[in-house]
Structures are given as structure tokens and as C-alpha cells.
Amino acid sequence: MDNARFVDLLASGSRALGVTVPEDVGPRLQRLMAELLKWNAKVNLTAITAPEEVLEKHFLDSLAVLPEVTGAATLLDLGAGAGFPGLPLKLALPSLGVTLVDAVGKKVAFIKAAAASLGLQGVRGLHARAEGKPDTEGIPRAELLIARAFMDLPDWLALAPAYVAPGGRVVAMLGKAQTDDELKARAAERQLRVVSARAYRLPFSGAERQVAVFAKE
Ligand SMILES: C[S@@+](CC[C@H](N)C(=O)[O-])C[C@H]1O[C@@H](n2cnc3c(N)ncnc32)[C@H](O)[C@@H]1O
């Protein structure tokens, strides 16, 4: 994909999602895509390899949750895979401290290499298995917990609160939208409350997504 097309698609996609992506983020996302595709040719990081799809399904879907993440000081992305949503969010929110955790070493190696290549400060890639015991796993607590395509919602709400700093929140990026009643019921099972829930569609494929935010009661 040439530079002009990338910039056009990023602009039209972010407009459709209703998020503001600073101008300098475009070239850095292009660089991230180049790194991802280069690594992916040798190491299996993601099944999504067509540039338009990487832009929509990895980058724009990550940036779609900017409204839920903006304002937090620290973000912990559990099961981050090749760095989604944490890396695009860090590019758009330079002051955010981001820790990205994955159980697979090669994915964390990519996250570290990509962060170094982009000159990102305040990004930590951590090779660890999240099991709900932050004190022994070396995984730090954060103001905001986030995961995409990591666990189903009941398992995520069972695991995530252990990693939330006092007053923090848990963000769930869901492929399948849940009703308000379902979200409330899942939250209540874990003594959580639903702070917000928002459905959106990816701008080019129209795929449905939902982002829900939870806080401790
Ligand atoms: C389907 S991938 C999603 C990756 C990324 N969040 C995304 O949306 O592209 C799930 C990731 O979770 C990681 N994972 C699974 N169980 C884990 C655990 N207990 N702790 C940390 N990472 C885990 C896997 O290695 C994999 O990279």
C-alpha cells in the first residue's frame, strides 16, 4: 500500500470511528506495519497480513477505544499478541505508560523490537503468563486493564481485577456485542459495575465490535 493510500484510509477510517488520531501517528503506524510484516514473514505473529486488513483490524480497531483509554496514566494490555491494542494506543497517546504482556516469547520479542524501532519511551514488553497473581508474576498493576481477543468476558472479568490499581478500570474489547443486561449480570458476578458500553463497526468491513468498561463496586 503506498503512503497516500495509507494516509487516506487512516483518515477516513478514524473519521468513521469518531476518533481523532494525531497526524504524526500515520507515519509511525506505517513503520509498525512494515516491522510487523517483516517479522511475520519469519515468525508467525498474526494471521492478518494484507496491509488494508492490518490497518483496519489491528490499527483502527485498537484506536477505536481511544475514548475509553484517554486520560489514564498507565495501561496494562494482557495477551497483547503482536501488540494490539497497546502499541497503536501508545502511538496516539505518547504520555501513556504501557505494559504489554504475552505468554509467547516471540510475540514479546516483536513488541520490544517494534517499540525500540519506533523510539517509544514508556513501553514495556513482558514475557509472562497472567494467572491472576500479579505479586508473584512480575506483572505490574495499572490504572487501566485492557485485552482484545484474549478471553471470553466471564473469564476476563474473573482475571483482570487483580491487576487493577486502586480506583482503576477494566476494559473489555468484545467481538460479539452483549446486551446491557448481560454486561450487568457478568459484572455483578465479580462485584463490578458497568461504567460504559459502546458498540461500533469497523469502518471498511463493517464488522461489529463492542467496548465495555468496568469498575470495582
Ligand atoms: C488471540 S491472541 C490476541 C492478541 C492481541 N490481543 C490481538 O488482539 O491481536 C491471544 C494472545 O493471548 C496470549 N495468551 C494466552 N493466554 C495467556 C496468558 N495466560 N497470559 C498471557 N498471555 C496469554 C497468547 O499467546 C496470544 O498471543
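- As recorded in an unreviewed UniProt entry, the protein chain goes by Ribosomal RNA small subunit methyltransferase G and comes from Pyxidicoccus parkwayensis.
- Listed under Subcellular location (unreviewed entry) in UniProt, the entry text for the protein chain is "Cytoplasm".
- The Sequence similarities (unreviewed entry) field of the UniProt record for the protein chain holds the comment "Belongs to the methyltransferase superfamily. RNA methyltransferase RsmG family."

A short note on the nonpolar core
Thought 1: The biggest cluster of nonpolar side chains holds 50 residues, and the ones touching the most others in it are Leu29, Leu32, Phe59 and Val69.
Thought 2: Ignoring anything within four residues of it in the chain, the contact list for Leu32 reads Phe59, Phe84, Leu87, Pro88, Leu91, Phe110, Ala114 and Leu118.
Thought 3: Among the nonpolar cores identified, the runner-up in size contains 25 residues, and Leu76, Leu78, Leu153 and Leu192 belong to it.

Side note on the layout of surface pockets
Thought 1: There is about 520 Å³ of room inside the largest pocket.
Thought 2: Taken together, 27 residues form the lining of the largest pocket, with Gly79, Gly81, Arg148, Ala149 and Phe150 sitting closest to its centre.
Thought 3: When contributions to the lining of the largest pocket are tallied by element, the ones reaching two or more residues are helix H3 (51-63), strand E2 (97-102) and strand E5 (164-174).
Thought 4: In terms of residue count, the dominant contributor to the lining of the largest pocket is H3 (three residues).
Thought 5: Considered class by class, the residues forming the lining of the largest pocket number 15 nonpolar, five polar and seven charged.
Thought 6: The volume enclosed by the second largest pocket comes to roughly 200 Å³.
Thought 7: Val7, Leu10, Val21, Pro22 and Glu23 are the residues nearest the centre of the second largest pocket, which is lined by 13 residues in total.
Thought 8: Broken down by secondary-structure element, the contributors of at least two residues to the lining of the second largest pocket are helix H1 (3-17) and helix H2 (25-40).

Rules behind the numbers
- Residues numbered from 1 in each chain as written.
- Predicted model: local features only at pLDDT ≥ 70, side-chain atom pairs only at ≥ 80, totals over all residues.
- Heavy atoms only, no water.
- UniProt positions renumbered as here; feature names shortened; annotations may be inferred.
- Core = buried A, V, L, I, M, F, W, Y, C linked by side-chain atoms within 4.5 Å.
- Buried < 20%, exposed > 50% of the residue type's maximum accessible area, 1.4 Å probe, protein only.
- Contact = heavy atoms within 4.5 Å.
- 1 Å grid on protein atoms, 1.4 Å probe; cavity = no way out; pocket = protein on both sides within 12 Å on 5 of 7 lines; lining within 4 Å.
- Points joined across faces, edges and corners; volume = space filled by probe spheres on them.
- Helix = DSSP H or I, 4+ residues; strand = E, 2+ residues; numbered from the N terminus.
- Nonpolar A, V, L, I, M, F, W, Y, C, P; charged D, E, K, R; others polar.

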